[in-house]
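A closer look at the structure
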Amino acid sequence: MTSRQIRTGIYAALLCAGLGCGNYSNDDVDFQLALPDQADMEAKLQGSVNRADSAEYYRATRAAVLQFNSLVFNLTAFIETVRGYTPTSRNGNERTWGPFPDGSHPDWEMRVVMRRSTESATLLHMDYWVQVRQIGQGESGWASILTGQYTSQGSARTGDGKIHFDVQSPRLAGYPVDSDPGLVELDHLDVCYDKSGDGTHCAGSTVGAAAHVDMQITNLPLADTRSASYVYEVAQDNSGHMQFDWQGTSKDTGLQVKATMVSRWIATGEGRADLIADLTPNLPRQTTLGTDCWGADTVATYSYRVDKGVGVGVDATVCALP
Amino acid sequence: MSFLRLVARAGPLLALLFVADAQAAGQRRFALIAGNDQGGADTRPLRYATEDARKMHAVLTQVGGVAPGDALLVLNQSAQDVWRSLSGLEARIAEARMHGDRTILIFYFSGHAKDGELRFGESRLRLDDLKARLSSGVADIRIGIIDSCRSGLVNRTKGARRAPAFEIEAAGSQETRGLVLLTSASGDEDAQESDDIGGSYFSHYLVSGLRGDADRSRDRRVSLSEAYAYAYARTVADTAESAAGAQHPTFSYDLKGNADLVLTDIASRREGVYVPGDAPAGTYYIVDSNGFIAAEVQKSEEGDRQLALPAGHYHVRRRLADRLRIGDLQIAPGQVVTVEESRLHDAPFSDDPVKGVPREPGAQLSLALGGVMQSFFDGPTRDSLFPPSALLAVDFEVRNFLRRDWMWGFDLASGGAKGNLDRYGTALPFRFSELTLGTTIAPEWRLGRGGLSTFGGVRLGFVLMSRKFDDRTIPDQFFATFTPGLVAGLRYQLADSFVLFGRGRVHYLLYNIDENRSLGYWELSAGLAYDF
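All values reported here derive from a predicted model rather than from experimental measurement.

Procedures and definitions
- Each chain carries its own residue numbering, running from 1 in the written order of its sequence.
- Each chain takes a letter, starting from A, and each ligand takes a number, starting from 1, following the order in which they are written.
- Given that this is a predicted model, residues contribute local features only at a pLDDT of at least 70 and side-chain atom pairs are listed and counted only at 80 or more, while totals for whole chains, interfaces and linings are drawn from all residues.
- Note on conventions: DSSP H or I runs of at least 4 residues are helices, E runs of at least 2 residues are strands, and numbering of each starts at the N terminus.
- Counts of 20 or more other C-beta atoms within 10 Å of a residue's own C-beta define buried residues, counts of 12 or fewer define exposed ones, and intermediate counts define partly exposed ones; C-beta atoms are placed from the backbone.
- Contact between two residues is assigned when their C-beta atoms, built from the backbone, lie within 7 Å.
- Two strands make a pair as long as DSSP finds a minimum of two bridges between them.
- Under this scheme, a helix contributes an axis fitted over its contacting stretch, all axes are lines through C-alpha atoms, and angles between N-to-C directions fall in the 0 to 180 degree range.

Helices and strands together make up the secondary structure of chain A, namely five helices and 16 strands. Counting over 322 residues, chain A shows a buried share of 32%. Considering only contacts within chain A whose residues lie at least 6 apart along the sequence, 44% involve residues at least 24 apart.

All names here are of chain A. Across five bridges, the pairing between strand E14 (residues 287–294) and strand E15 (residues 300–305) is antiparallel. Along E15, the bridge assignment pairs Asp 292 with Ser 303. Direction of pairing for E15 relative to strand E16 (residues 309–312): antiparallel, over a ladder of three bridges. Among the inter-strand pairings, Ser 303 is bridged to a residue of E16, identified as Val 312. The turn linking E15 back onto E16 is made up of three residues.

Residue and element names in this part refer to chain B. Here three strands make up an open sheet; going across it, the order is E4-E5-E6 and the pairing antiparallel. Across the chains shown, the open sheet's two edge strands, defined by having one partner strand only, are strand E4 (113–114) and strand E6 (123–126). Here E4 pairs with strand E5 (residues 117–120) via two bridges, running antiparallel. Each residue of the ladder has a partner; that of Ala 113, found in E5, is Leu 118. Most of the contacts of helix H4 (residues 127–135) go to E6, to which it runs at about 55 degrees, and overall it touches E5 and E6.

Residue and element names in this part refer to chain B. Pairing is mixed in the open sheet, where three strands are placed in the order E17-E14-E20. Two strands close off the open sheet at either side, each with one partner strand: strand E17 (305–308) and strand E20 (336–338). Across the sheet, the mean angle from the axis of one strand to that of its neighbour is 20 degrees, orientation sign disregarded. Here strand E14 (residues 272–275) runs beside E20; their pairing, made up of three bridges, is parallel. Bridging across to E20, Tyr 274 finds its partner in Thr 338. Across the sheet, helix H5 (residues 201–213) is in contact with E14 and E17; its angle to E17 comes to roughly 115 degrees.

Here's what the structure looks like:
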């Protein structure tokens with residue numbers, strides 16, 4: 001470090017101290033509390049065990065949970081970068097981080113804007129946007145790639161939120177979304193999460209659920225997978241379920257397929273998964289293609305496939321869940 | 001003309017004078033005793049002016065025949081206040097005269113004087129005005145005693161003497177009337193203070209003489225001329241070798257009548273110290289429990305000495321060529337204690353209350369360690385932003401560097417506390433840490449002659465405050481800024497080098513992260529300092 005740099009540092013420190021500087025802020029904490037944490041949305045499969053002789057549908061459920069958590073991780077990674085930094089500007093109930101250079105796209109920059117609505121001492125509502133724009137453009141050039149909102153329910157840490165991840169609007173604005181292979185077919189993605197404990201803030205959630213997260217993925221019209229959705233929910237007694245819906249075109253038959261796997265488990269780790277498909281016109285609508293039940297060790301206690309019949313066990317009465 | 005020759009010459013005259021009894025029926029004495037350590041611009045504060053006034057007040061009310069209700073002690077007040085006090089006292093004197101009492105007014109001042117004016121802080125009183133006021137005063141006898149630099153200017157006119165004894169050549173009525181002025185220094189000299197005796201030379205010896213050591217006639221009474229002669233001789237002797245040069249008290253009088261005036265009656269107060277005639281000759285220092293010399297006895301080969309001193313614990317010290325003789329004295333109320341040589345013991349000179357030239361205290365360094373409690377005034381700030389904290393502090397101080405009796409200090413403190421932030425029903429515990437740096441400038445004042453002193457001044461601090469949340473998803477936060485404040489406190493000298501201190505600070509802090517907010521906080525601290 002040169003003496004000039006040292007002098008500059010000293011002057012900067014004195015200026016900072018003279019004017020008062022830092023990030024010591026109670027208000028900033030509100031904004032940080034409102035940002036969704038990965039742990040808020042990730043799914044947890046009760047008694048998750050990875051063994052070779054686990055039931056086939058248990059392994060499929062586990063794979064779905066991992067894929068779901070991977071999506072959650074990628075989504076929250078956008079926001080996590082903000083959490084560790086002091087806002088670039090504070091304006092009443094609004095905080096802005098950035099603009100920062102977009103590391104993947106040199107001609108673009110991004111920012112995060114959060115706006116707080118302090119409706120009462122116990123209710124915190126926050127809206128936030130992750131936006132991109134081409135360097136040199138004005139304020140109107142910002143396009144939102146992620147829009148979110150959060151409302152506290154009882155405490156700042158327990159609430160519900162919604163995230164709308166829209167890649168089509170930035171794509172149309174020229175933002176090189178498709179340079180990421182994982183986003184080539186994506187149109188938009190919506191997440192609703194509810195960790196309030198009452199399970200009433202997301203459509204389709206169970207009243208009284210300890211946590212609920214659903215994720216709706218909508219791809220571009222020509223994609224093989226037209227849409228997919230995950231619904232994860234866990235009850236107060238640690239029982240839970242994960243429902244994975246998939247709709248698209250079968251590569252084998254070229255037909256439109258709509259399939260649903262519903263996995264349910266109880267606190268002991270015992271569980272059941274049913275694969276239901278709508279393979280019209282070859283099969284009647286809502287045909288159960290298979291069922292697996294497993295014990296706490298994840299090994300199948302009952303297995304049924306529509307084309308093979310019962311493979312394990314005698315009947316479904318051995319299953320922990322009906 | 002030597003002192004002894006002058007005294008010898010004055011002696012027969014004094015013998016002819018009627019020695020008025022201070023307690024004689026029909027006589028009433030009044031005293032206005034003023035002291036002011038401050039002299040305003042272009043002067044340095046005095047250390048002992050108010051203390052000298054207290055000592056004079058004590059001796060006049062104890063053995064000077066002045067009833068406590070007739071003695072006004074005016075400390076660190078303005079010239080106007082003193083003037084008003086004098087008017088009030090004169091009204092009472094006039095009333096006493098109407099009742100047929102003979103009256104005596106003693107005006108004493110210890111403080112700064114410059115350019116012909118007495119200084120009372122920023123206010124001033126012309127010496128000529130004071131002299132005129134005393135000259136035309138209503139009391140039968142007015143005695144002015146002025147202990148300040150160049151105070152002899154007041155005596156440059158009629159009757160001024162720079163000599164060790166009165167040579168009163170009054171005649172006529174037995175009832176003396178008129179004015180006597182005593183000053184501690186001549187018109188071109190400084191009046192000097194001494195840290196060793198804890199006062200100005202002149203006032204110290206005047207008080208010591210009035211307590212009995214000036215009683216050359218051995219009649220247990222000290223007359224004005226005896227007291228002056230004693231104070232003159234001792235002041236000149238002790239200041240002769242000083243850097244400022246010898247200090248010569250002066251006197252003048254304009255009296256009608258032929259009575260010398262008894263200022264103190266030692267016999268009236270049966271409380272003090274008695275040095276018998278067979279005690280060894282020499283200087284006996286009577287040192288009070290605070291280590292200051294309360295009085296001195298110049299014991300000659302022949303004759304005894306008695307000093308009037310209030311009850312209390314004292315030390316007696318007598319210097320020999322190679323050692324000291326020291327001992328303890330406990331004067332009980334109403335008791336005169338005899339100094340017995342057999343009860344003194346030898347001690348090294350390191351125990352000597354060294355007397356000599358006045359010292360200009362040099363820069364003094366001290367290092368202090370203490371604990372600090374800090375808290376913001378604003379409740380919400382205290383509860384959720386900057387919680388009350390405990391800090392450990394190290395102070396480095398230098399005294400008498402910027403100017404005499406001023407302290408310049410630097411301090412470093414570190415500490416913290418546990419806090420809790422509640423946001424929308426969510427409790428967020430955090431660990432609060434603080435580092436402070438500061439510099440303080442504060443004048444200090446001694447309180448009495450004990451080891452107690454007080455100080456008050458300004459401080460500029462730098463604070464670095466940070467917090468870590470237990471919830472690690474919330475990033476660490478910090479805030480740094482300068483913060484001005486006021487400081488005041490007390491210091492108590494425990495021993496030669498150790499000082500116990502306590503202080504309070506009030507600071508302003510501009511918090512400007514969420515919004516601009518003017519905040520204040522206080523600090524209380526206590527600790528131990530070591531003076532190098």
